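# Fold and geometry: a report
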Amino acid sequence: MSRLISFIFRRTIQMLFTLVIIATIIFLMFRLMPGDMSASMVDPSISAEARQQIVERYGLDQSLWIQYTTFMKGIVQFDFGNSFYYKQPAIDILLDKLPATLVLMFTAMIFAYGIGIFGGAWMAWNRGSKRETTGVAVALIFRSAPTFWVGIMAIYLFSVVLGWFPSSGMRSAGYIADTNFQVFFSLDFLKHLILPTIVAGVFFLATPLLIMRNTMLEVMGEDFIEFARAKGLPERVILYRHAARNALLPVVTAGALFIGSAIGGQVLIEYVFSWPGLGREMVLAAQRHDYPVAQASFIILAALIMFMNLVADLFYSYLDPRITYN
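As the structure is a computational prediction, the values presented were derived from the model and not from experiment.

### What about the packing of aromatic side chains?
Counted by the stated rule, this structure contains nine aromatic pairs. Ring geometry for Tyr85 and Tyr86: centres 5.0 Å apart, planes at 85 degrees, overall edge-to-face. By relative accessible area, Tyr85 is classed as partly exposed at 46%. Judged by its relative accessible area of 27%, Tyr86 falls in the partly exposed class. Lying across the ring of Phe203, Arg143 places its NZ or CZ 4.5 Å from the centre.

Structure below.
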């Protein structure tokens, strides 16, 4: 237990140090970009005096060092400043967009990793067959195809031609949810969720599928697999109870990093399906020069990826007892 606590402490210190570096780079990146930071929040028609007052209110007339120290103090307090566009705290805007992205990406992850893990194990067990070749080819085709193109084709086929699913948005026009529960747990929301989930899922499917397949091929040559066969265990038990569990480590790593990146949303998918999530808001913030929102989204994304990487390391010892935290 003491080794585990020591490991978590060391990794936390490393994460904080890395986060400071990332925050510094993000701060400088936005300040050194061409264009006037005040252009998006100041009406060009107002007088120069009124413009100066607004610039002073947001501290944009301060030196770069003072802006940096204010920025870092704000991060410690989880205060990223007010949005230039919405005139609201940036963190409130991101938290408002976060649930839509989480729901979409977690359902896509369940779709991709559920099929990928079992499909990869099954393909490794049937190595050399036509079914394995077909499965690999289909996964690579969807991985290689541009996401926006697959999304547009899916909208044309399932929304325009067949009329099975809505083509965009998270709710139908005129739909009003009385409670937060009805926002995400209604038949109308489910209909809007299915199509972007499938498009995102088939795009991410190749990663767990091929990682699981390749790792399984290595595991199947181990002595304990031959020993299990010698004991007369059924093939299904050997496949999923003994071989698949030992092949899950790389898939867990990829899955943990996927969760972290999913928080940032999939910009193209959210754009194609007009999904009001975090990824779409990040792009809009960059286009509007709304730096508080853009900076906050990038920093939160980086922190979550590092955190999920730590979670993946902690899962290693559970999946493989040979791993210790020295």
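### Topic: the pattern of salt bridges
Enumeration according to the criterion identifies one salt bridge in this entry. Here Glu132 and Arg213 are joined by a salt bridge, their closest N and O atoms 2.6 Å apart. A residue pair is termed long-range when its members are at least 10 positions apart, and Glu132 in helix H5 (residues 130-144) and Arg213 in helix H9 (residues 206-219) qualify at 81 residues. Residue classification places Glu132 among the buried residues on the basis of a relative accessible area of 6%.

### With respect to the nonpolar core
Membership of the largest hydrophobic core comes to 43 residues, with the highest contact counts inside it found for Tyr113, Met212, Met216 and Trp275. At the level of elements, helix H4 (90-125), helix H6 (147-161), helix H8 (187-204), H9, helix H10 (223-230), helix H11 (235-246) and helix H12 (249-263) are the ones that each hand at least two residues to this core. Element by element, the count of residues in this core is highest for H4, at 10 residues. Beyond its immediate stretch of four places on either side in the chain, Tyr113 contacts Thr207, Pro208, Val251, Ala254, Gly255 and Phe258. The next biggest cluster of nonpolar side chains, apart from the first, holds 29 residues, and it includes Phe27, Tyr68, Ala285 and Ile300.

Conventions we followed
Residues numbered from 1 in each chain as written. Predicted model: local features only at pLDDT ≥ 70, side-chain atom pairs only at ≥ 80, totals over all residues. Heavy atoms only, no water. Phe/Tyr/Trp six-rings, centres within 6.5 Å; stacked < 30°, edge-to-face > 60°. Buried < 20%, exposed > 50% of the residue type's maximum accessible area, 1.4 Å probe, protein only. Lys NZ or Arg CZ within 6 Å of the ring centre and 35° of its normal. Salt bridge = Lys/Arg side-chain N within 4 Å of Asp/Glu carboxyl O. Helix = DSSP H or I, 4+ residues; strand = E, 2+ residues; numbered from the N terminus. Core = buried A, V, L, I, M, F, W, Y, C linked by side-chain atoms within 4.5 Å. Contact = heavy atoms within 4.5 Å.

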